[in-house]
Amino acid sequence: DWHLQEEVFVAQVDWALQVNKPLILHCVKALEDTLRLLREKQVSVPVIFHGFRQSKEMATQLLGSGYYISLGAYITRWPATTDWSDLPLTGIFLETDDSDEHMAAIYTAAARLFRKPVDELILTLHQQAEKVFRIKI
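Residues numbered from 1 in each chain as written. Predicted model: local features only at pLDDT ≥ 70, side-chain atom pairs only at ≥ 80, totals over all residues. Heavy atoms only, no water.

Undergrad: How should I be thinking about the environment of Ile-48 in this particular structure?
TA: Mapped onto the elements of the fold, Ile-48 is located in strand 2 (residues 47–49). Along the chain, Ile-48 and Ile-69 lie 21 residues apart, while their C-alpha atoms are 5.4 Å from each other. Leave out the neighbours within four places in its chain, and Ile-48 touches Leu-23, Ile-24, Leu-25, Tyr-68, Ser-70, Phe-93, Val-132 and Phe-133. (Helix = DSSP H or I, 4+ residues; strand = E, 2+ residues; numbered from the N terminus. Contact = heavy atoms within 4.5 Å.)

Put into structure tokens, the structure is as follows:
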């Protein structure tokens, strides 16, 4: 039921705000509604769109709004010509939870996607994780 999902989502947002922790969202078919609710709630904690599989244009919109996106193993299957080099690495996370793919392969694919050396990509993403999650890696 959509109304129940919305009610539970709002409770999750409220909890993230209360404990001052990042909000990690897996949003498949309700992005516009999710963005509307985030604006209404004036979310001030980092928001990460986990399992992001949408277009570069949508990634640009989310990153431009101060949100983060997390890309998974599926980027290893994107054509080598796919170019996201004009997007900031500071808005990107990588993940392996939806695959048995080794993290090294995902780092390599992301380095190709963003046209950055693997070492630079890893360093940037680690620094970002430390900042967003307030942890030392």
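Undergrad: What should I look at first to understand the pattern of salt bridges in this one?
TA: Working definition: two side chains of opposite charge can pair if their charged atoms are close together. Enumeration according to the criterion identifies 7 salt bridges in this entry. A salt bridge links Asp-33 to Arg-36, with the nearest nitrogen and oxygen atoms 3.7 Å apart. Linking Asp-33 with Arg-36, this pair stays in helix 2 (residues 31–40), spanning 3 residues, or about one helical turn. Look at Asp-33 and you get partly exposed, because its relative accessible area is 30%. (Salt bridge = Lys/Arg side-chain N within 4 Å of Asp/Glu carboxyl O. Buried < 20%, exposed > 50% of the residue type's maximum accessible area, 1.4 Å probe, protein only.)

Undergrad: In this structure, what is going on with the packing of aromatic side chains? I would like to understand it.
TA: Two aromatic rings are characterised by how far apart their centres lie and by the angle between their planes. One pass over the structure, following the stated rule, counts 6 aromatic pairs. Ring geometry for Trp-78 and Trp-84: centres 5.3 Å apart, planes at 50°, overall tilted. Aromatic pair Trp-84 and Phe-114: ring centres 6.2 Å apart, planes at 90°, arrangement edge-to-face. In this pair, Trp-84 sits in the loop between strand 3 (68–71) and strand 4 (92–94) while Phe-114 sits in helix 4 (residues 103–114), placing the two residues 30 residues apart along the sequence. Here the two residues Trp-84 and Phe-114 agree in accessibility, since each one is buried. By way of ring pairs, the aromatic residues Tyr-74, Trp-78, Trp-84 and Phe-114 are connected into one cluster. (Phe/Tyr/Trp six-rings, centres within 6.5 Å; stacked < 30°, edge-to-face > 60°.)

Undergrad: Just to check I follow, could you spell out unusual backbone geometry for this structure?
TA: Most peptide bonds take the trans form, and the phi angle of most residues other than glycine is negative. Although it is not a glycine, Arg-115 sits at a positive phi angle of roughly 55°. One can find Arg-115 in the loop between helix 4 and helix 5 (118–133). Not every positive phi belongs to a glycine, and Arg-134 is a case in point at roughly 50°. The topology assignment puts Arg-134 in the segment after helix 5. When its relative accessible area of 48% is taken as the criterion, Arg-134 is described as partly exposed.

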